[in-house]
Amino acid sequence: MASFVMSTVATAQGICPARKVRGGRSKVGNTLRVANVCKARQASRVTPFASLDGSAHFDSSNRSNQIGITAASKTKSKFPLRGLVLGVGGAVGAFVSQPMHLLQMAFGGNGGGGAGDGSGGGGGGTGGFGVPPAYADEDDDDDDDDDDDDEDDEDDDEDDSEDDDEDESPRRKLKEGNFIVESVLATNLPTGPGIPTKAELFGGLNARRGNEVSRDDLSQDLEALLNTGLFANVDANVTPKGKDGYAVEFVFREKIWPSVQSFKVKGATALPVEIEREVLATVRRQSSCTVRVLATMKNIIEGYYTSKGLTFGTISHFDGMETGDVIAHVIEGEITRVKAVFLDDQMQPVNRGRTHPRVIQREHNFKVGSLYNVEDAKTALRDIFLLQLFDNVQVVPRPDDRDQSKVQVDIMLRERPVKTAESELEWSIAPGEGGKPDLVSIKPGGSVFFEHRNLDGWGRQLYGSVSTANFLQPQDDLGFKLEYHHPYCLGDGDADKTNFKTSVFNSRKLSPVFTGGPGMEEVPSIWVDRAGAKATITQNFSRQSKATASLVVEEITARDESGAVVPCGAKQGPGGQLTADGPPTTHSGTGTDRLMFAQGGIIRDTTKFVNGVSVGARDIFNLDQSLGFGSAFPVYNRFAVESTRFIQLKKESQKTNRPPPVAVVHVKGGHILGNCAAYDAFVLGGPHSCRGYTVGELGASRSFLEYALELRVPVPYLNTHAFAFYERCTDLGSSSSVKGNPTEFFRRAGSGTSKGFGLKLGPVRAEYATDGNQANGTTFVRFGERF
């Protein structure tokens, strides 16, 4: 069986697109997709010539041990008599017709192709081999055909050691002069970060394992590899392998230019000058300019773009290597269009949705003319999804069809049903005679809930709920709430996203002020009913920081278990009788107050989650100011200040999801000026005040101070943290200034400390806390965070 050698000589500096061949259909390769070459390619193509005796002659620049074959030999060859030559004569013609002035590198071509199935992003514009398109997608369902390509490339490196005689499959019928590729090898191929790999270079060639190729196909492969501009020469050695196959070996000779004297970047708007200086300082130490040096430049520049979230920022090509004055041409992914695409239940695009496009526009930062940033995509995903109007949101960038260096952004949206109604019935069950479960009452309780998430298509929302323990007589304990939410009440251009919310409500809660201290007989419970209306304006300074201002009008009523109005608290006397001379429940002393007051609040929150644990700072200030209207004309000012620091003690691990150790420092205080009703007094003790005590067990005060320390350490293998804590809470001696002094009346301490430890398991906190006043230890299981 014959062998032969093919060779190419560097003739032109244009880049030719490499083609992938699979199943008889060619397509542009993902990593070698580069600018089409017209005249440059035609100029660098050398027409093969055949001698009169039928032998194929090869370029003299080949190695001395390379030999040609002749079809006139006695052994019958499977190849045609005419041969293929890429010779010196053709090279000279190419230099004349196309001067060498520009290097477009294989890793700086036209970038990736367009998007595949609509769920993923398109290519990275006109640059960056191997740079995947940046996109944000809620459902990561992208299918990538590159996996198949990589597997094929790996198979190219494997030697087929099986005997062909054992293959019982029918032999493939080949065209005259064609041969089957059994393996593809690369010799002297430069390697390193930023340099195209063998898989990337060979992925679009005709010569692939299992393919049937001709000498013309191999000539095209040689030309494509040469025209990447990476190599001074590319040879192809074809040797028999197996019964009918051949091994193709590509031999590369790296290009070498003079050392770099200067370096500039063209086309950049977001690249600081310092990066140019860093590149020049790095490559000036090299004695010559090679592919590795250019790859170093590429890695530094594209690394900066990636660190800033500009994932489409890539180098399209270099030039000026012949003189040492290198220029890198970059593209940055300028946005040319932003479009909201609505999807049906089958995730297929529809003409329009129920939501007005401006509702989407005001929730993202994409602007025509700005650069695509992956952080903007993440923010858009979060903010659009928080509208609660969509159950599927995807941000998909695509190369602009008219200019592959620019980007079009499609925001894919599937809408939720805008109207929802739910109803729930419940019956209470308690142990009966003999321990058997029995109904507490045959009268059903439950709730009814409804909502409209998108009034008039502008994202305005209406919620309503009604709940009662007895649907047959709901007036006994009816609770209701009706709320209207109007986003962007100051207009779409409002940077603070100011929204307006109004509600009417009726609620009932057990008052922790009227509870007994340790060792005291059971105290009759008092329930506080609140019914009224509230209007709130909220400004959002960031995702977690905001300011609120509210006006509240409400009626507050104190009731006992039977629902009767209670003007003051009570406790059992020495003889077991109830004494109704306790602290008054309201300002007016009648058990019912009607008030109008203003509320304000500011939250500054910079916390973030690091492997499931909070790190950062949070500051909160709340204020209630009476307006002098209402029962007994109360005048008061109630405020509370809270500051918490989550201090990361050690950098998180990059190899595991184990949370880092964190120290938590928490301080909170407050005071009431003027009139102080019992239902407004600060309550001391409880899971969010001082752990180890029940809510209100320490007292009710006009002023208070609490502080806490907590150390959180990771737990091996569980990817969670354990914690130990110390807390203290005090009324600062202000309990006596609360009307009726409920702290003293119900025999409570007024201050206390606690310490303990616990384990966080998902949303659950399992804690053991000791009561510093009674020296008792108690185990708690709670949901949510303490701070």
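One can find the structure itself at the top, above this paragraph.
As the structure is a prediction and not an experimental result, all values here were calculated from the model.

Enquirer: What is the right way to look at helix α7 (residues 291–307) in this model?
Expert: Because an α-helix packs 3.6 residues into every turn, residues spaced three or four apart end up facing the same way. The end-to-end C-alpha distance of α7 is 24 Å, a good match for the 24 Å that 17 residues give at a rise of 1.5 Å each. Of all the residues in α7, the buried ones are V291, V293, L294, A295, M297, K298, I300, I301, E302, Y304 and Y305. Phi for G309, located one or two positions after α7, is positive at around 85°.

Enquirer: Before we go on, may I ask you to explain the sheet that holds strand β10 (residues 262–266) in this structure?
Expert: The strands making up a sheet are joined through hydrogen bonds of the backbone, oriented either antiparallel or parallel. Pairing is mixed in the open sheet, where 3 strands are placed in the order β10-β13-β12. Either end of the sheet is taken by a strand with one partner, and the two such strands are β10 and β12 (314–319). Looking at each pair of strands side by side, their axes are set apart by 25° on average, direction ignored.

Enquirer: Any chance you could explain the packing of aromatic side chains here in plain terms?
Expert: Tallying each qualifying case throughout the model produces 12 aromatic pairs. Measuring from centroid to centroid gives 4.9 Å for F745 and F746, while their planes differ by 90°, and the two rings are edge-to-face. As far as burial versus exposure is concerned, F745 and F746 are alike and both buried. Taken together, the ring pairs connect F202, F231, F250 and F252 into an aromatic cluster. The positively charged end of K571 is found above the aromatic ring belonging to F745, 4.2 Å away from the centroid. For the cation-ring pair, R691 lies above F725, with the distance from its terminal atom to the ring centre recorded as 3.8 Å.

Enquirer: Hey, could you run me through the pattern of salt bridges in this one?
Expert: With the rule as written, the count across this model stands at 32 salt bridges. D391 is the partner of R414 in a salt bridge, and the nearest nitrogen-oxygen pair spans 3.0 Å. Here R414 is found in strand β16 (residues 407–415), whereas its partner D391 is found in strand β15 (residues 390–399), with 23 residues between them in sequence. The salt bridge partner of D605 is R618, with a shortest N-O separation of 3.2 Å. One end of the pair, D605, is in strand β28 (residues 592–605); the other, R618, is in strand β30 (residues 613–630), and 13 residues separate them in sequence. For R618, a relative accessible area of 16% gives the class buried.

Enquirer: I'm lost on the packing of helix α6 (residues 273–283) against α7 in this one. Help?
Expert: A pair of packed helices is characterised by two quantities: the angle between their axes and the separation of those axes. Orientation of α6 relative to α7, taken along the N-to-C sense of each, is 155°, at an axis distance of 10 Å. The orientation of α6 relative to α7 falls into the category roughly antiparallel. Like other packed secondary-structure pairs, α6 and α7 cross with a definite hand, here right-handed. Contact with α6, carried on its side by I275, E278, V279, T282 and V283, involves V293, T296, M297, I300, I301 and Y304 of α7 and no other residues of that element.

Enquirer: Any chance you could explain the side chain of T592 here in plain terms?
Expert: In this fold, T592 is placed in strand β28. Overall, the relative accessible area of 18% leaves T592 in the buried class.

Enquirer: How should the environment of M596 be read in this particular structure?
Expert: Mapped onto the fold, M596 is located in strand β28. Along the backbone, M596 and S626 are 30 residues apart, and their C-alpha atoms lie at a distance of 6.5 Å. Setting aside its immediate chain neighbours within four residues, M596 contacts L551, V552, V553, S626, L627 and F629.

Enquirer: I keep staring at the environment of Y768 and nothing clicks. Help me out?
Expert: You can see Y768 is positioned in strand β38 (residues 764–771). Residue classification places Y768 among the partly exposed positions, given a relative accessible area of 32%. In this structure the C-alpha to C-alpha distance between Y768 and F757, which are 11 residues apart in sequence, comes to 5.6 Å. With residues near it in sequence (within four places) discarded, Y768 still touches F725, K755, G756, F757, G777, T778 and T779.

Enquirer: Please explain the side chain of T498 as it appears in this structure.
Expert: Locating T498 in the fold gives a position in the loop between β22 (479–486) and β23 (499–510). Engagement of the side chain of T498 in a polar contact is seen with the side chain of D494, the distance being 2.6 Å. Apart from the residues within four sequence positions on either side, T498 is in contact with P487, Y488, C489, L490, I537, T538 and Q539.

Enquirer: In this structure, what is going on with unusual backbone geometry? I would like to understand it.
Expert: A positive phi angle, near 60°, is found at D456, a position not held by glycine. As for its position among the elements, D456 is in the loop between β20 (445–455) and β21 (460–468). A relative accessible area of 68% places D456 in the exposed class. The phi angle at Y488 is positive, at roughly 50°, despite the residue not being glycine. Taking relative accessible area as the criterion, Y488 reaches 7% and is therefore assigned buried.

Enquirer: Would you explain a nonpolar patch on the surface in this entry?
Expert: Taken together, the side chains of I647, L649, V665, V667, L705, Y707, L709, L711, V713, Y726 and L732 define a hydrophobic patch exposed on the protein surface, amounting to about 900 Å² of accessible area. Taken together, the elements giving at least two residues each to the nonpolar patch come down to β32 (662–674) and β35 (703–715). Here the element with the most residues in the nonpolar patch is β35; it accounts for 5 residues. One can find L705 in strand β35.

Enquirer: What is the right way to look at the nonpolar core in this model?
Expert: Taken as a class, soluble globular proteins show a tendency for nonpolar side chains to be buried jointly. Within the largest apolar cluster, 25 residues are counted, with the highest numbers of intra-cluster contacts made by V260, F263, L294, M297, I301, F318 and V326. Those elements that provide at least two residues to this core are β10, α6, α7, β12 and β13 (325–331). Looking at which element gives the most residues to this core, the answer is α7, with 7 residues. Listed in part, the 24 residues of the second largest apolar core include F179, F202, Y246 and F250.

Rules used in this analysis
Residues numbered from 1 in each chain as written. Predicted model: local features only at pLDDT ≥ 70, side-chain atom pairs only at ≥ 80, totals over all residues. Heavy atoms only, no water. Helix = DSSP H or I, 4+ residues; strand = E, 2+ residues; numbered from the N terminus. Expected span 1.5 Å × (residues − 1). Buried < 20%, exposed > 50% of the residue type's maximum accessible area, 1.4 Å probe, protein only. Pairing = 2+ DSSP bridges. Axes fitted to C-alpha atoms, helices over the stretch in contact; angles between N-to-C directions. Phe/Tyr/Trp six-rings, centres within 6.5 Å; stacked < 30°, edge-to-face > 60°. Lys NZ or Arg CZ within 6 Å of the ring centre and 35° of its normal. Salt bridge = Lys/Arg side-chain N within 4 Å of Asp/Glu carboxyl O. Parallel < 35°, antiparallel > 145°, perpendicular 65-115°, else oblique. Left-handed = near helix turned anticlockwise from the far one by under 90°. Contact = heavy atoms within 4.5 Å. Polar contact = N/O pair within 3.5 Å; in protein donor to acceptor, adjacent residues only side chain to side chain. Patch = residues over 30% accessible without salt bridge, like charges linked within 9 Å, V, L, I, M, F, W, Y side chains within 5 Å. Areas by Shrake-Rupley, 256 points an atom, 1.4 Å probe, with all protein chains shown as cover. Core = buried A, V, L, I, M, F, W, Y, C linked by side-chain atoms within 4.5 Å.

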